[in-house]
Amino acid sequence: MTDIAIPPEEIRRRKSRRWLLLAVTFLALLIAFPIVWFSIPSGPSVSLRDLLLGTVEQGPFLIQIRAPGILKPRTERWVTSNVSGTVERLLAHPGSLVETHSPLLKLSNPTLGTELQKARFALTRTQAEATAQQAQLEDHLYTLQEDLASAKAQATSAEMRVKADASLLREAVISRLQYETNRLDARNDAQLVASTEQRIRAFRRNVAAQSENEQSLVASARADLQTAEANIQALTPQAGMSGQVQTVSVQAGQSLTAGTAIARIANARFLNATLAVSPDDAGEITVGQTVEILLPNPEEPVLHGIVERVSPNVVKGAVPVTVRLAGKIPKGARPQMAVTGVISVSHMTNVLHVGRPVGVQPDSKGVVYVLSTDGDSASRRPVRFGLASSNGIQILSGLTPGERIVLSDTTQWGPRMRIRQ
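Residues numbered from 1 in each chain as written. Predicted model: local features only at pLDDT ≥ 70, side-chain atom pairs only at ≥ 80, totals over all residues. Heavy atoms only, no water.

K.L.:
Just checking my understanding: could you explain the overall build of the chain for this structure?
P.N.:
When helices and strands are counted, the chain shows four helices and 20 strands. Its C-alpha radius of gyration of 52 Å places the chain more than 25% over the 22 Å reference for a compact globule of 421 residues. With the C-alpha coordinates aligned to their principal axes, the bounding extent of the chain is approximately 205 × 70 × 40 Å. Sorting the 421 residues of the chain into buried and exposed places 34% on the buried side. By sequence separation, contacts in the chain at least 24 residues apart represent 75% of the contacts at least 6 residues apart. Accessible surface, the chain: about 26,000 Å² in total, of which carbon and sulfur atoms supply 55%. (Helix = DSSP H or I, 4+ residues; strand = E, 2+ residues; numbered from the N terminus. Rg over C-alpha atoms; globule rule 2.2 N^0.38 Å. Buried < 20%, exposed > 50% of the residue type's maximum accessible area, 1.4 Å probe, protein only. Contact = heavy atoms within 4.5 Å. Areas by Shrake-Rupley, 256 points an atom, 1.4 Å probe, with all protein chains shown as cover.)

K.L.:
What am I meant to see in a nonpolar patch on the surface here?
P.N.:
On the surface, a cluster of nonpolar side chains totalling about 440 Å² of accessible area is made up of Phe26, Leu27, Leu30 and Ile31. The residue phenylalanine 26 is located in helix α1 (residues 8-39) in this model. (Patch = residues over 30% accessible without salt bridge, like charges linked within 9 Å, V, L, I, M, F, W, Y side chains within 5 Å. Salt bridge = Lys/Arg side-chain N within 4 Å of Asp/Glu carboxyl O.)

K.L.:
How should I be thinking about the environment of isoleucine 200 in this particular structure?
P.N.:
Along the chain, the position of isoleucine 200 falls in helix α3 (residues 176-233). For isoleucine 200, a relative accessible area of 7% puts it in the buried group. Measuring from C-alpha to C-alpha, the distance between isoleucine 200 and alanine 190 comes to 16 Å, with 10 residues separating the pair along the chain.

K.L.:
Can you walk me through the domain arrangement of the chain in this structure?
P.N.:
Accessible area lost on assembly of the parts is the figure often given for the size of an interface. Parsing the chain into structural domains produces domain 1 (50-72 + 266-418), domain 2 (76-109 + 236-265) and domain 3 (110-233). Listed by partner, the interface residues are five residues for domain 1 and eight residues for domain 2. By the criterion of area lost to domain 2, the three top residues of domain 1 are Ala266, Asn267 and Pro335, representing 79% of everything that side buries. Our count for the contact surface shared by domain 1 and domain 2 stands at zero salt bridges. (Domains from an automatic or database assignment. Buried area = accessible area lost by both parts, 1.4 Å probe.)

K.L.:
Help me out: how do you make sense of the UniProt feature "coiled-coil region" (unreviewed entry) in the chain in this one?
P.N.:
UniProt feature "coiled-coil region" (unreviewed entry): in the numbering of this structure it lies at residues 193-231. With 100% helix and 0% strand, residues 193-231 has its two end C-alpha atoms placed 57 Å apart. (UniProt positions renumbered as here; feature names shortened; annotations may be inferred.)

K.L.:
Honestly, unusual backbone geometry in this entry has me stumped. Any pointers?
P.N.:
Peptide bonds are trans in most cases, and residues, glycine excluded, mostly fall at negative phi. In this structure, lysine 316 is a non-glycine residue whose phi angle is positive, near 55°. Topologically, lysine 316 is positioned in the loop between β13 (302-310) and β14 (319-326). Classification of lysine 316 as exposed rests on a relative accessible area of 86%.

K.L.:
Would you mind showing me how to read the pattern of salt bridges here?
P.N.:
Side-chain pairs of opposite charge can arise where the charged atoms are in close proximity. Applying the stated criterion to the full structure yields five salt bridges. The partner of lysine 152 in a salt bridge is glutamate 197, and the shortest N-O contact between them spans 3.7 Å. Of this pair, lysine 152 sits in helix α2 (residues 110-170) while glutamate 197 sits in helix α3, and the two are 45 residues apart along the sequence. The class of lysine 152 is partly exposed, set by a relative accessible area of 38%. The exposure class of glutamate 197 is partly exposed, given its relative accessible area of 27%. Salt-bridge contacts for arginine 324 lead to glutamate 308; the nearest nitrogen and oxygen are separated by 3.2 Å. In this pair, arginine 324 is assigned in strand β14 and glutamate 308 in strand β13, connecting sequence segments 16 residues apart. Glutamate 308 sits in the partly exposed class, given a relative accessible area of 36%.

K.L.:
Explain the sheet that holds strand β6 (residues 97-98) to me, please; I cannot follow it from the model alone.
P.N.:
Pairing between the strands of a sheet is mediated by backbone hydrogen bonds and can be parallel or antiparallel. Taken in spatial order, the four strands make up an open sheet running β4-β10-β8-β6, and their pairing is antiparallel. Each end of this open sheet is capped by a strand with a single partner; those strands are β4 (76-80) and β6. Pairing of strand β8 (residues 243-248) with strand β10 (residues 261-266), which is carried by four bridges, proceeds in the antiparallel orientation. Looking at the pairing, valine 248 lines up with alanine 263 of β10. (Pairing = 2+ DSSP bridges.)

K.L.:
Mind showing me how you'd approach the confidence of the model for the chain here?
P.N.:
Atom-level detail of predicted coordinates should not be read off regions where pLDDT is low. Looking at the chain, the pLDDT average stands at 84 and 92% of residues meet or exceed 70. No element of the chain has a lower mean pLDDT than α1, at 66, and none a higher one than strand β7 (residues 105-108), at 93. In this model residues 36-42 is a low-confidence stretch, pLDDT under 50, and it forms two contacts with partners more than four residues away in sequence or in other chains. (pLDDT = per-residue confidence, 0-100.)

K.L.:
Would you mind going over the pairing of β8 with me for this structure?
P.N.:
Moving residue by residue along a regular strand, the side chains alternate between the two faces of the sheet. Judged from the two bridges that link them, β6 and β8 form a sheet pairing that is antiparallel. Bridging from a neighbouring strand, valine 98 pairs with glycine 243 of β8.

K.L.:
Whenever I open this one, the packing of aromatic side chains confuses me. Can you help?
P.N.:
Each pair of aromatic rings is reported with the distance of its centres and the angle of its planes. The tally for this structure, following the rule as stated, stands at one aromatic pair. Summarising the aromatic geometry, the rings of tyrosine 369 and tryptophan 413 are spaced 4.9 Å apart at their centres and angled 70° between planes, so their arrangement reads as edge-to-face. Linking tyrosine 369 in strand β16 (residues 365-371) with tryptophan 413 in the loop between β19 (404-406) and β20 (416-420), this pair joins segments that are 44 residues apart in sequence. (Phe/Tyr/Trp six-rings, centres within 6.5 Å; stacked < 30°, edge-to-face > 60°.)

K.L.:
What exactly am I supposed to notice about the sheet that holds strand β9 (residues 255-256) here?
P.N.:
As summarised here, the arrangement of the three strands in space is β7-β5-β9, forming an open sheet in which the pairing is antiparallel. Sheet topology places β7 and β9 at the edges, where each strand pairs with a single neighbour. Bridge count for strand β5 (residues 85-90) against β9 is two bridges, and the pairing is antiparallel. Residue pairing in the sheet places threonine 86 in a bridge with serine 255 of β9.

What follows is the structure, given as C-alpha cells:
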C-alpha cells in the first residue's frame, strides 16, 4: 500500500486541538479543586445512626431505678438425708407436685434393719429386768412388813405383861427383879418396832430410787428403739411441705451419707422478686417503696410489690433487693424466671431533666456534648446534675429545654465532633 503524506497544515491543526484540550482540562481541574477542597468538612466525625440522643425537657420527673432480677419462692426448703444409704429409685422429679408426706426417693441400708432388731431385743430385756427387780424389791418389802407386824404384836404383849406385873408386885406375888426384867423386855420390843419402821421407810426410799433407775433404763432402750424405727422411716425421705420440686440433686445408685442434700421444694404460689441493683443506685432505695415487676408474659406482664429488704452486702457487683409481691401470681410465673424491676424512688413535679448519659453520676458535675441547631456538630458543655433515675437525670444548670445532647459514650471525643447525617 502506498503511504499518503499528511499536509503540514493538518498536522498543525491537530496539535493545536490537542493543546487546547489539555489547556481546557487543566483549567477545569484548577477551578474544581478549591471547590471540592472547601466543600469537604475537616476534623473527626461520627455517624448520627451510631449515636443515642436525648432531648432536655421541663416538667414532671419520676425517679425510677430499673434492675434485672429473678422470681424466688417465699418459702422453700432443702430436704436432706438423715441416714446413709444407697438410692434404689427416685419417686419425684423436678416439676413434680408434692405434699407434706410425699416420698421423694427410696434408700436401702441393711445395717439399719439389724440395729432395729437389736433395739427391740434390748428394750424387751430391759423391761424384763425391771419387772424382775421390782418383784424382788416388793418381796423384800413384804418380809419387812411381816417383821414389823410380829414386832408390834410382841411389843403389845410385853406391855400388857408389864401392866399385869405392876399389880402382882404391889401384892408381893412376884419379885422386883422379875418386874424390872419384864419392863426391860417390853422396852426392847418397843425399840424393835421403831427400828423396823425405820428400816421399812429407808427401804421404800431405796425401792423408789431403784424403780426410777430401772424406768430410766427402759426409757433409754425405748428411745433407742424409736431412733432405730425413725432411721428405717428415713430411708424414704419425705417432702416436708406442699409445693413443687425444683431440683433433685441425687440419682439412682448413688451412695449418700447423712446430711446429703436430696431435693429443693418450693411453694410456687407465693413468690418474691430478688433484684440486682447497682451499688450507685442502691443508696436511693428504702423499705416500703413501690415496685413494678415486668414479666416476659404478654397476658399479665406486670406485677406490683414493695421493697421488703435491702441487703447491706454487695454480691457479684450488685446489691440484692427483695421485693414482696402483692396480688395473685399469674400461672406463667415460676421460680427462677428472669424479670425486670422498676422501683419508684420519688416524684418531682417541675424540673429540668434528660436521658442519663453514659458514666454520669447523680449530684455531680460533668461534661456533655450538645448538638448544634442544624444537627451537623456537637460541642462540649459543662453541666451540673442532680437526682438520677435509671433512664434519666435532673439538670441543675448548663442546659435549656429543647436542646439535644449525646447520651452515648463520648470519652474519646475531642472538644468538637462533626455529625454525619
